[in-house]
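# An overview of the molecular structure
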Amino acid sequence: MTDTLTHQQAIPAATATKAPRPSTLTRQGRRSRAGSLLASGWVLGAAVVVVVPLLYLVSISVMTQAQIASGILVPTDPAWQNWADAWNSPLPRGVLNSLIAAFGGAVLSLALAVPGAWTIARHRTGGKTLSGLILSPWLLPPIVAIVPLLTLLRMVGLSNTLTGLTLVYALMNVPVAIWLLDGFIRRIPVDIEESGRIDGANELQLLCRIVVPLLVPALIAVGVIIAILNYNEFLFATFLTQSEESQTVTVLLAGMLSERVQDFGRMAASSLIAVIPIFTIAVLLQRWLVEGLTTGAVK
Amino acid sequence: MVLLVLAAYPLLFIVSASLTRSSLGQPFQEFLGTENLRATIGSAAVQNSLLLGTGYAIGVALASTVLGTATAVALWRSLKSGVIIRTVLLLPMIVPPVVVGILFSFIFSPSGGLIDTLIKIVSPGSGTYAILSDTTWAIFGVALADVWEWTPLVVLLVFTALLGQDQEITEAAQLDGANGLQLFGHITLPMVAGTIAAAFLIRLILAFKVFDLVYVMTAGGPGSSTEVPAYLIWRSALQNFDVGTAASITLLLAVVATIVTLPVFWITKRHRHD
């Protein structure tokens, strides 16, 4: 915020140094003001583009099939029945399943990733090749990886269970977690660890007593990002949770598309019910979320 | 070490499955050598899909990066860096792709969808447009949904970089008499170029993997006009149960994606070291 303030104030100051030519000054001043106006207009436009589709979804969720087909955008007589129908279905169960798998998976991913990320960032184990190799599976569509996973889960008797899906999510995101945490760990001054080492702490104590406490904001940030990735995941969930009591919300939503008669209103209401939990989490934790995305993804 | 195994396991599985006759239930039935690979390289469906996927990834990544950078700069210029705008920007990327697909299917719906309704308001009596059932336009419909969902990530990354840039350099250039446009072109843009390149890279990789949107919006159709590589792989593995072929297509996609991504990756790295 302060950065932008100084920048904005700096422009008139700079143009003032060119005072000998007043005509340029006014022209430039005008151009700059027009630029600001254009910028504000663009931001407003972007916000509209982001928000309108979401509002349209809300609008559809309270319309009957006939109202949608008649080409109105905002119903005068809201059909709340869609929401009741969506609520009285396996959907809430699916949302709960998704939340359990998403957050359970994220916590496990972090537990597995922190020692790895610390080792890589501090000791330069394996150099650049290792960190490249760790992320390489993420570059490919994960479809084929489903096959060995399915076999593995069947062997340990966890196919079609939420536990199985949670474990798969946990393993799947360890590379992403390491990659995102790397930027945060590098910010911890090495001196702190050095002084701990001089005081006689071993590697495990160093990790648990010094590194992890310093990483708490990063763990929240990365954890939320991974939980959202898990919550939104669809492909693995369709194959690993075929039974009704283990199905996640994305699977249920995609399933509504293959119904013989598609009820747009109920689908919209269901989509919104699915989105509300993560929207709430994202709004509450947006500072951490933005921090995690910007520090982790671009180093 | 455990991590290494974890990372290498899917890769090893894909390579060995591509060299054998493998079905969903029974992988590695017999060794075929490069037969699967040769068959997939020669297949017109695979070639078309890889071409489509590459064009889609580059197009979507370019659109997202240009729009995202422009929005980030506008946001930075207009001072509205408040919490509200940041939260609004976050929303599309945390919506599950399945929901984004459903939402844009509604928007493109020829019977009372948002676009259809708006066109009817502007010019009553005009024909209906079923974008997602058109062999030429369906992929653009999917691309639009994709751009809507992930452009905010580019905005966020570039905007943060703009806020974090070194003010002293900018001020020095201003004292030397650089005007607004020169300042932006020669100082600001080069300083955030690395971030823009990195955002483009992330976007490119995400677009190469697009699956959920296609599954929900078009199911690869009409015809095979939106059959992107990830969807084709899914179809061979889980509808035709031919894991050998699916693994071969995955390898081909890996090669194509690497060829496309590597130059961008180098550019990103060079900017980081400057």
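Predicted model, so just to flag it, every value in this text is computed and none were measured. (Residues numbered from 1 in each chain as written. Chains lettered and ligands numbered in written order. Predicted model: local features only at pLDDT ≥ 70, side-chain atom pairs only at ≥ 80, totals over all residues.)

A tally of helices and strands in chain B yields 12 helices and 2 strands. In sequence order, the secondary structure elements of chain B are arranged as α-β-β-α-α-α-α-α-α-α-α-α-α-α. Evaluated residue by residue, chain B yields a buried proportion of 49% over its 274 residues. Within chain B, residue pairs in contact and separated by at least 24 positions form 72% of the contacts whose partners lie at least 6 positions apart. (Helix = DSSP H or I, 4+ residues; strand = E, 2+ residues; numbered from the N terminus. Buried ≥ 20, exposed ≤ 12 C-beta atoms within 10 Å, placed from the backbone. Contact = placed C-beta atoms within 7 Å.)

Attention now goes to the overall build of chain A. Along its length, chain A carries 15 helices and 0 strands. When the 299 residues of chain A are sorted by exposure, 39% land in the buried category. Taking all contacts inside chain A whose residues are at least 6 apart in sequence as the whole, residues at least 24 apart take part in 76%.

All names here are of chain A. Confidence in the prediction of chain A, expressed as mean pLDDT, is 77, and 82% of residues score 70 or more. Between the elements of chain A, mean pLDDT differs from a low of 40, seen in helix 1 (residues 2-16), to a high of 88, seen in helix 14 (residues 264-284). Note on residues 1-28: pLDDT is under 50 here. Beyond four places in sequence and across chains, it has 22 contacts. (pLDDT = per-residue confidence, 0-100.)

Glancing now at the environment of methionine 267 of chain A. Secondary-structure assignment places methionine 267 of chain A in helix 14. A count of 24 C-beta atoms within 10 Å places methionine 267 of chain A in the buried class. Taking the C-alpha atoms as reference, methionine 267 of chain A lies 9.8 Å from aspartate 85 of chain A; in sequence the two are 182 residues apart. Not counting residues within four places of it along the chain, the set of residues in contact with methionine 267 of chain A comprises Met256 and Gln262 of chain A together with Ile102 of chain B.

Attention now goes to the interface of chain B and chain A. Across the boundary between the two partners, chain B contributes 75 residues, which contact 73 residues of chain A. A per-class count over the side of chain B that touches chain A returns 53 nonpolar, 15 polar and 7 charged. (Nonpolar A, V, L, I, M, F, W, Y, C, P; charged D, E, K, R; others polar.)

Glancing now at the UniProt feature "transmembrane region" (unreviewed entry) in chain B. Using the residue numbers shown here, the UniProt feature "transmembrane region" (unreviewed entry) corresponds to residues 49-76, 88-108, 183-206, 213-234 and 246-268 of chain B. Between the C-alpha atoms that bound residues 246-268 of chain B there is a distance of 31 Å. The span itself is 100% helix and 0% strand. (UniProt positions renumbered as here; feature names shortened; annotations may be inferred.)

All names here are of chain B. At their nearest, the axes of helix 3 (residues 44-77) and helix 7 (residues 138-164) sit 6 Å apart, and the two run at 40° to each other. Accordingly, the angle class assigned to the pair helix 3 and helix 7 is oblique. Considering only the axes of helix 3 and helix 7, their crossing is right-handed. Classifying every residue of the contact of helix 3 with helix 7 gives 18 nonpolar, 7 polar and 1 charged. (Axes fitted to C-alpha atoms, helices over the stretch in contact; angles between N-to-C directions. Parallel < 35°, antiparallel > 145°, perpendicular 65-115°, else oblique. Left-handed = near helix turned anticlockwise from the far one by under 90°.)

Before going further, it helps to examine the confidence of the model for chain B. Residues and elements named next belong to chain B. Taken as a whole, chain B shows an average pLDDT of 80; of its residues, 89% reach a score of 70 or greater. Summarising per-element confidence for chain B, the mean pLDDT is lowest in helix 1 (residues 2-18) (69) and highest in helix 5 (residues 97-108) (90). Under the prediction, the complex receives an ipTM of 0.81, its pTM being 0.82.

Next up on the list: helix 7 (residues 146-155) of chain A. Residue and element names in this part refer to chain A. For helix 7, every residue scored as buried is listed here: Ile146, Val147, Leu149 and Leu153. Taken end-on, helix 7 shows its buried residues confined to a sector of 165°, consistent with a single buried face. Directly beyond the C-terminal end of helix 7, a positive phi value near 70° is found at glycine 157. (Arc of directions from axis to C-beta.)

On to the domain arrangement of chain A. Residue and element names in this part refer to chain A. Domains assigned within chain A are domain 1 (2-61) and domain 2 (84-297). Each partner contributes to the interface: domain 1 provides 4 residues, whereas domain 2 provides 6 residues. Residues of the side of domain 1 that touches domain 2, tallied by class, amount to 3 nonpolar, 1 polar and no charged. (Domains from an automatic or database assignment.)

Under the local residue numbering, the UniProt record ascribes the feature "transmembrane region" (unreviewed entry) to residues 37-58, 99-121, 133-153, 165-185, 206-229 and 264-285 of chain A. For the annotated span residues 264-285 of chain A, helix accounts for 95% and strand for 0% of the residues, and the straight-line distance between the end C-alpha atoms is 31 Å.

Quick look at the nonpolar core now. In terms of nonpolar packing, the biggest core is built from 159 residues, with Ala177, Leu181, Val222 and Ile225 of chain A together with Val99 and Val158 of chain B touching the most fellow members. For this core, the element with the highest residue contribution is helix 7 of chain B, accounting for 17 residues. Shared between two domains, this core takes at least three residues from each, and those domains are domain 1 (2-61) and domain 2 (84-297) of chain A. (Core = buried A, V, L, I, M, F, W, Y, C linked by C-beta atoms within 7 Å.)

On to the environment of tyrosine 56 of chain A. Topologically, tyrosine 56 of chain A is positioned in helix 2 (residues 22-61). Assessed through the 19 C-beta atoms surrounding it within 10 Å, tyrosine 56 of chain A is described here as partly exposed. Residues tyrosine 56 of chain A and leucine 91 of chain A, 35 residues apart in the sequence, show an inter-C-alpha distance of 21 Å. Excluding residues within four positions of it along the chain, tyrosine 56 of chain A makes contact with Ile107 and Leu114 of chain B.

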